[in-house]
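Residue-level structure breakdown
Each chain, letter by letter, is given below.
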Amino acid sequence: MELTVEGISKNFKNENTVQTVLKDLSFTVREGQFATLLGPSGCGKTTLLTIIAGFQAASGGRVMINGAQVTRPGPDRGFVFQNYALFPWMTVRENILYPMKQRRVPAKEREKRFKELLAMAQLEGKEKLYPHQLSGGMKQRVAFIRALAGRPEVLLMDEPLGAVDMQMRQSLQEDLEALWLKDKTTVVMVTHDVDEAIYLSDRVIVMSAREGKIVDDMPVRLPRPRDRKGMEYQKHKEHLAEALKVAVGRQAETAVTEGKLCLA
Ligand SMILES: Nc1ncnc2c1ncn2[C@@H]1O[C@H](COP(=O)(O)OP(=O)(O)OP(=O)(O)O)[C@@H](O)[C@H]1O
Ligand SMILES: [Mg+2]
């Protein structure tokens, strides 16, 4: 499905001030495209993603899926939260089956998909545990495969692999890519990891700290699977690092070099 973000604005009123987090933001993610949002911490990435998901309303503008406006959450959009947000009263197995039941996937197919997803995330033997009995990385992996379980048309992921260690992260990126190539779901992912953005995306949208403006929109046309050590790959990384500097803004640049500001 094609996703269109059209003139989205978001203001938050805090006591007597109004904070403009997003101002007139527009872009279209074409069907089957893997788009990534990259930007400094607090620039509005999660806010934008939750507006697309329909969890909160925009102050202005609209979100369209295949030309139809969406205003509330629906099973057509899968969501991976920044802080996992698994159902704490459900086991791993129940968490993963939930979106499939919502979409009325037949029991036999549910089981097949469940086994496939569990193996992918290397979580075999954990199916009967509750989220509080899992490590942070395991919770994140459950959240990730749960979002894929119902085969959503648009997959929204807020730092889906943020709590996973480096080695597991790279192997999950490869699994994520393989699954995505199979289904060709339209994806919008948030990450603070430049390497992850380039490894996975067809396109990287860089948002600025001020009003979440788009400061860069870089296509990544490298053949898949990508060679992380390749020259072109490295060039893309350098380009994004520069774009992030612009995104943070001049004033903050010194803070970055002094290590006071984290690029998220
Ligand atoms: N419900 C809310 N009420 C008031 N302000 C909010 C609310 N939600 C977010 N904000 C503010 O909006 C700004 C953007 O927040 P958001 O969570 O979208 O940032 P982010 O880009 O996802 O950051 P990070 O990379 O750290 O996750 C922040 O200044 C935050 O304080
Ligand atoms: Mg966030």
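Please read all numbers here as calculations on a predicted model, not as lab measurements.

Cut-off values and rules
Residues numbered from 1 in each chain as written. Chains lettered and ligands numbered in written order. Predicted model: local features only at pLDDT ≥ 70, side-chain atom pairs only at ≥ 80, totals over all residues. Heavy atoms only, no water. Domains from an automatic or database assignment. Contact = heavy atoms within 4.5 Å. Salt bridge = Lys/Arg side-chain N within 4 Å of Asp/Glu carboxyl O. Polar contact = N/O pair within 3.5 Å; in protein donor to acceptor, adjacent residues only side chain to side chain. Helix = DSSP H or I, 4+ residues; strand = E, 2+ residues; numbered from the N terminus. Buried < 20%, exposed > 50% of the residue type's maximum accessible area, 1.4 Å probe, protein only. Axes fitted to C-alpha atoms, helices over the stretch in contact; angles between N-to-C directions. Left-handed = near helix turned anticlockwise from the far one by under 90°. Nonpolar A, V, L, I, M, F, W, Y, C, P; charged D, E, K, R; others polar. Near = heavy atom within 4 Å. Areas by Shrake-Rupley, 256 points an atom, 1.4 Å probe, with all protein chains shown as cover. Pairing = 2+ DSSP bridges. Core = buried A, V, L, I, M, F, W, Y, C linked by side-chain atoms within 4.5 Å. Phe/Tyr/Trp six-rings, centres within 6.5 Å; stacked < 30°, edge-to-face > 60°. Lys NZ or Arg CZ within 6 Å of the ring centre and 35° of its normal.

1. As for the domain arrangement of the protein chain
Its domain assignment divides the protein chain into domain 1 (1-71 + 154-264) and domain 2 (77-151). Relative to domain 2, the C-alpha centre of domain 1 lies at a distance of 24 Å. Domain 1 puts 28 residues into the contact, and the matching count from domain 2 is 21 residues. Taken together, the links from domain 1 to domain 2 amount to 0 salt bridges. For the pair domain 1 and domain 2, the interface holds 8 residue pairs in polar contact (both at pLDDT 80 or more). Elements that contribute at least two residues to the side of domain 1 that touches domain 2 include exactly α1 (45-53), β7 (154-158) and α5 (166-183).

2. Some remarks on the side chain of Q33
Here Q33 is to be found in the loop between β2 (17-29) and β3 (34-38). Residue classification places Q33 among the buried positions, given a relative accessible area of 9%. Engagement of the side chain of Q33 in a polar contact is seen with the side chain of R203, the distance being 3.2 Å. If we ignore the near neighbours within four places in the chain, the residues touching Q33 are T28, W180, T185, T186, V187, D202 and R203.

3. What to know about the packing of helix α3 (residues 107-120) against helix α4 (residues 136-149)
Packed helices, taken two at a time, are described by their axes: the angle between them and the distance between them. One way to put it is that α3 packs onto α4 with a least axis distance of 10 Å and a crossing angle of 150°. Considering the relative orientation of α3 and α4, their crossing is right-handed. Contacts between α3 and α4 pair R113, L117, L118 and M120 from the former with F144, I145, L148 and A149 from the latter. Residues belonging to the contact of α3 with α4 are distributed by class as follows: 7 nonpolar, no polar and 1 charged.

4. Some details on the site of ligand 1
In the neighbourhood of ligand 1, 14 residues make up the surrounding shell, with S41, G42, K45, T46 and T47 lying closest. One nitrogen or oxygen atom from the side chain of T46 is found 2.8 Å from an oxygen atom belonging to ligand 1. Alone, ligand 1 offers 650 Å² of accessible surface; in the complex the protein occludes 64% of this. Here the shell around ligand 1 is composed, by residue class, of 5 nonpolar, 8 polar and 1 charged.

5. Description of the sheet that holds strand β9 (residues 203-207)
If you walk across this open sheet you meet the 6 strands as β6-β7-β8-β3-β9-β10, and the pairing is mixed. Each edge of the sheet is formed by a strand with only one pairing partner; in this case those strands are β6 (77-80) and β10 (214-219). Neighbouring strand axes in the sheet, compared pairwise and without regard to direction, differ in orientation by 15° on average. Here β3 pairs with strand β8 (residues 186-190) via 4 bridges, running parallel. Bridged to F34 within β8 is V187. Strand contacts of α4: β6 and β7, with the helix running at about 180° to β6, the strand carrying the most contacts.

6. What about the sheet that holds strand β5 (residues 68-69)?
Paired through backbone hydrogen bonds, the strands of a sheet run either parallel or antiparallel to each other. Pairing within the open sheet is antiparallel, and its 4 strands lie in the order β2-β1-β4-β5. In this open sheet, the two edge strands, each paired with only one partner strand, are β2 and β5. Bridge count between strand β1 (residues 3-14) and β2: 9 bridges; the pairing is antiparallel. Bridge assignment links K10 to a residue of β2, and that residue is L22. Strand contacts of α1: β1, β2 and β4 (60-65), with the helix running at about 120° to β1, the strand carrying the most contacts.

7. So, the nonpolar core
Ranked by size, the top nonpolar core spans 49 residues in total, and within it I96, M157 and L240 carry the most contacts. Here this core spans two domains, since at least three of its residues come from each of domain 1 (1-71 + 154-264) and domain 2 (77-151). What L240 contacts, discounting residues up to four positions off in sequence, is L38, V194, A197, I198, V204, V206 and M218. By size, the runner-up hydrophobic cluster in this structure holds 26 residues, among which are L3, I8, L37 and L49.

8. A word on the packing of aromatic side chains
Evaluation of the coordinates by the stated rule reveals 6 aromatic pairs. Taken together, the ring pairs in this structure connect F55, F79 and F81 into an aromatic cluster. Sitting over the ring of F114, R93 keeps its end group 5.2 Å from the ring centre. The side chain of R146 reaches across the aromatic face of F87, ending 4.9 Å from its centre.

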